[in-house]
Each structure stands twice: as C-alpha cells, then as structure tokens.
Amino acid sequence: MTSENVQMWTELNIDLKSHDMLLNALGPAFQEIYLSQKNRPAGMGFYDFVVGDIHGIRVKELREHAKNGGKVVATYCVFVPEELVWAADAIPVGLCAGTQFSIPIAEEVLPRNTCALIKSSFGFKLGRVCPYVQASHLIVGETTCDGKKKMFEMLGELQPVYVMEVPNKKTERSRELWHGEVLAFKDVIEKLTGNKITVKKLGQAIDLVNQRRLGLQRLYNLRKVRPVPISGKDALLATQVSFYDDAKRDTQMLNVLCDELDKRVAAGQGVAPKNAPRILISGSPMAIPNWKLHHLIESTGAVVVCEESCTGTRFFSDLVKPTAENLDEQLKAIADRYMNIHCACFTPNDERPDDVVRLAKEYQVDGVIHYNLQFCHTYANEAVKMEKRLEKEGIPLLRIETDYSDEDAGQLRTRIEAFLEMVKL
Ligand code: BJ8
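Residues numbered from 1 in each chain as written. Predicted model: local features only at pLDDT ≥ 70, side-chain atom pairs only at ≥ 80, totals over all residues. Heavy atoms only, no water.

Trainee: If you had to explain the sheet that holds strand 6 (residues 303-308) to someone new, which residues and values would you point to?
Mentor: Strands sit in the order 6-5-7-8 across an open sheet of 4 strands; the sheet is parallel. The open sheet has two edge strands, strand 6 and strand 8 (397-402), and neither has a second partner. Direction aside, the axes of adjacent strands within the sheet are offset by 25 degrees on average. As paired strands, strand 5 (residues 278-283) and strand 7 (residues 367-373) are joined by 5 bridges and run parallel to one another. Among the inter-strand pairings, G283 is bridged to a residue of strand 7, identified as Y371. (Pairing = 2+ DSSP bridges. Helix = DSSP H or I, 4+ residues; strand = E, 2+ residues; numbered from the N terminus. Axes fitted to C-alpha atoms, helices over the stretch in contact; angles between N-to-C directions.)

Trainee: I'd love a proper account of the packing of helix 2 (residues 16-35) against helix 12 (residues 232-241), names of residues and values included.
Mentor: Remark: helix 2 packs on helix 12, axes separated minimally by 10 Å, with the N-to-C direction vectors making an angle of 125 degrees. One way to sum up the angle between helix 2 and helix 12 is to call them oblique. Along the contact surface, helix 2 presents F30, I33 and Y34, while helix 12 presents K233, D234 and L237. Within the contact of helix 2 with helix 12, the residues separate by chemical class into 4 nonpolar, no polar and 2 charged. (Parallel < 35°, antiparallel > 145°, perpendicular 65-115°, else oblique. Contact = heavy atoms within 4.5 Å. Nonpolar A, V, L, I, M, F, W, Y, C, P; charged D, E, K, R; others polar.)

Trainee: How would you explain the site of the ligand if you had to name every residue and give the values?
Mentor: Surrounding the ligand, one finds 17 residues, the nearest of these being C77, C145, C310, C343 and C376. Put simply, the parts of the chain that give the shell around the ligand at least two residues each are helix 7 (116-127) and helix 18 (377-393). Here the residues of the shell around the ligand sort into 13 nonpolar, 2 polar and 2 charged. (Near = heavy atom within 4 Å.)

Trainee: Kindly report on unusual backbone geometry, identifying the contributing residues and their values.
Mentor: In this model, I288 is joined to P289 through a cis peptide bond whose omega is -5 degrees. Among the secondary structure elements, P289 is positioned in the loop between strand 5 and helix 14 (292-299). Put simply, T347 and P348 share a cis peptide bond, and its omega is -15 degrees. Within the fold, P348 resides in the loop between helix 16 (327-338) and helix 17 (351-362). The backbone phi angle of N39 is positive, close to 65 degrees, even though this residue is not glycine. Within the secondary structure, N39 sits in the loop between helix 2 and helix 3 (44-52). Residue classification places N39 among the partly exposed residues on the basis of a relative accessible area of 34%. Although it is not a glycine, F375 sits at a positive phi angle of roughly 75 degrees. (Buried < 20%, exposed > 50% of the residue type's maximum accessible area, 1.4 Å probe, protein only.)

Next comes the structure, spelled out in structure tokens:
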C-alpha cells in the first residue's frame, strides 16, 4: 500500500480503516483460491497483478482522466451500452458487488432478504470502501429486477444515478421502448461529458468493444478443448477484469493469454486430466471477488469450462453490427445487440435454456450447475423451466442457491461431490 494510494483514497473520501480491512481480507483469499493453483498459464500474471493492485493503478488512471476533464461512468449490468460512454470520451467501469464484506453495512438499511449482489453494491457506497464508486461521476442503473430498482432510488440520494428502463418482454413494442432508452442514454452521456457523439467516434467505440468481445470469445473457444488449457477460475477472473480494465489493453492481454493457450492446446497440455468432469455454470453473475462456486467445484477435481451468465457468455457472445453509415443505424445496431441478452428478467425467456443446451454440447460438458443468488426470484423461478428442459435433453443439472458467505461451503461441497459422482457414472 503506497502513500500515493492512501493520498488518492483520502481524496476520494474512502473510509480508510474499513478499506484496509477489505484489502487485508482480499489478499489471503486470492492467495488461497488463485495463487495456489498448479500449472497456470503465464498470461494470468497480468490478471494477478491487476487484482494485487485492485484499488491502485486503475483508479489512478480514472483519476487522471477526471483531472483532464474526462468523466467516469459506473454500471452494474451488461445491458448498459458502454459504446456510448467510450464514444463520448468517458470511461465506463463495471462495478464489482461480489464481496461479503460490504453486506453487513448494507443490511443497516436494506432488508436482509435482498440478493447479495444488491446488498454488496449498496454497502460499497454506504461504507465508502470502493474507490471506483467514489471516482464515478454517474452511476447507471437499470430496471432489470425490483430489488435493484428500489436500491437505485436509495443510491441516488448518495450519488448521481441514472436508470435505464430495460423491458421485460421481447416484443416489437418492447424493442421500440429499448431503442428509445438507448437514444435517451446517448443524450444523458453527451450532457454529462459535454461531448457530442459522432458517427466516427461511435464507430471507433463499437470496434473497441467488439474487439474485446472477440478476445473473450477466443478465450472461451479454447475452453471447448479437452483437456481444457485453463481453469474455470482463471477464465472467470479474466472475464471479471474485462469489466473495469481499459478495453484496448484488456483485449491485448486476452490475446496474449490466448496465444499461450493455443500452444498448450497444440501440445495437448491441460490444467486437469482429460477425463475430469466438465461443468457449465448457468445463472446469476459473479462479480469480483465472488469465486466461491468455481473454487468449490475445481477443488473436487472437476473443471468449469463455461459460464452462461453475465460474467460469461452473455457479456460477449454477440457483437454490435458495424454499420458505419450514420448515427441512427449505429444506435439501432447497438439497441438490437443489447436486446439479445437472455437475462432472466425477460418473460418469456426460452432463449436462455436454448443457449444452455447449445453450450452444453459445444463445451462437451458432463453436467450443468444452475447458480442463483439467494433471494433472486427471476433466476430461482427460471431454474424450474431449465431443469425440465435439461432433463428432456438428458443433461444432468444441479441447482444451487447461495450467497457470498462461506457458511454453507461444507454443505455445498457435499452436494457438488455427490453430483460429480453421479455425472461420472
Ligand atoms: S443482464 S443477470 S447483470 S440484471 S442476481 S440483482 S437479477 S436479484 S444481476 Fe443481472 Fe443485468 Fe440480468 Fe445480467 Fe436482481 Fe437477480 Fe440480484 Fe441480478
């Protein structure tokens, strides 16, 4: 912890004592979960470094940007079209909300029976322990679930918040509504930054984000191979870092990692034996430092090869169609791309089970673990349909509902071990 960082956090009005406790807890957890892994790709060194200095260099970059008159825009959901933020020379940052640490702080205000992701994000602001939140000029929320909607109202009393309305259906009328929301968001960002979003700027931003999506697609494609050349934990970390690192640098580092994985694949080198059970996780997103389920699964000798989630395939599967002709077409292409995210907030949402079946085949999985955060009703209810669909397809499924605490780790381990025994038969 450098004195320069302490100075920066002080300027950001961070609660230093609490923040020390947070960082002191993160280090040993990362050591145990990540650095203890054997046979890791050297390309993960970059991601280890990013986590090792999680509230340092990147925050400093954001501060420099702000000192030069730039804006920082924080988001909680993959529905927020980051292309518009980049195009106005602002920097988008996907906030974490994956730690148990900030939950008791949030529970002083929010009902306990609220999902961990919502409590964790609110606790970060209330407790002043996240420099990314503190460094943001605007937080962009969305109406994806009722808990989030209401939390954003309270968050708005503490910091500027703008909420995008994400429709609940996928009809033509809903698509029009969403298109209108994208146009309105463009106005909000232009007003915030004082910069006009031009065809050229938006075209560059579309390309920037598409390149990062392609990098992640490349990484995930490499996970389809048997034996898999990278652990699920490492792939998850690379995806999580993509939410807040500089997009250009992140794309470069993803490709460096993938070049190395290509060589591993060519040499038949894997992180787990060829016959290790291959698991697909489907459900709620896992923000840093939520590595709980991956760690439990991979500690048993199985390997996670794909995540159908917003910290997985939903984040990068589709590109924005590059249509350089005019702004209207670009904005339409952006609206179309984002409406193709199959979040459980939609009804009906049959595309999501379809995706899971397709991914299970592509990634040669032995079983699917459906993960939903406790008190998240959309995913919990959608799990019923998912279970029926996967049963029809003959794909084994284990449903897990949990939060960020370690209290249920022993019980989860027993259930996961029993499931893996079953899929190996
Ligand atoms: S597009 S999954 S990031 S909404 S887990 S807060 S839904 S109660 S996170 Fe999500 Fe966007 Fe959808 Fe993805 Fe509510 Fe459920 Fe909590 Fe959730």
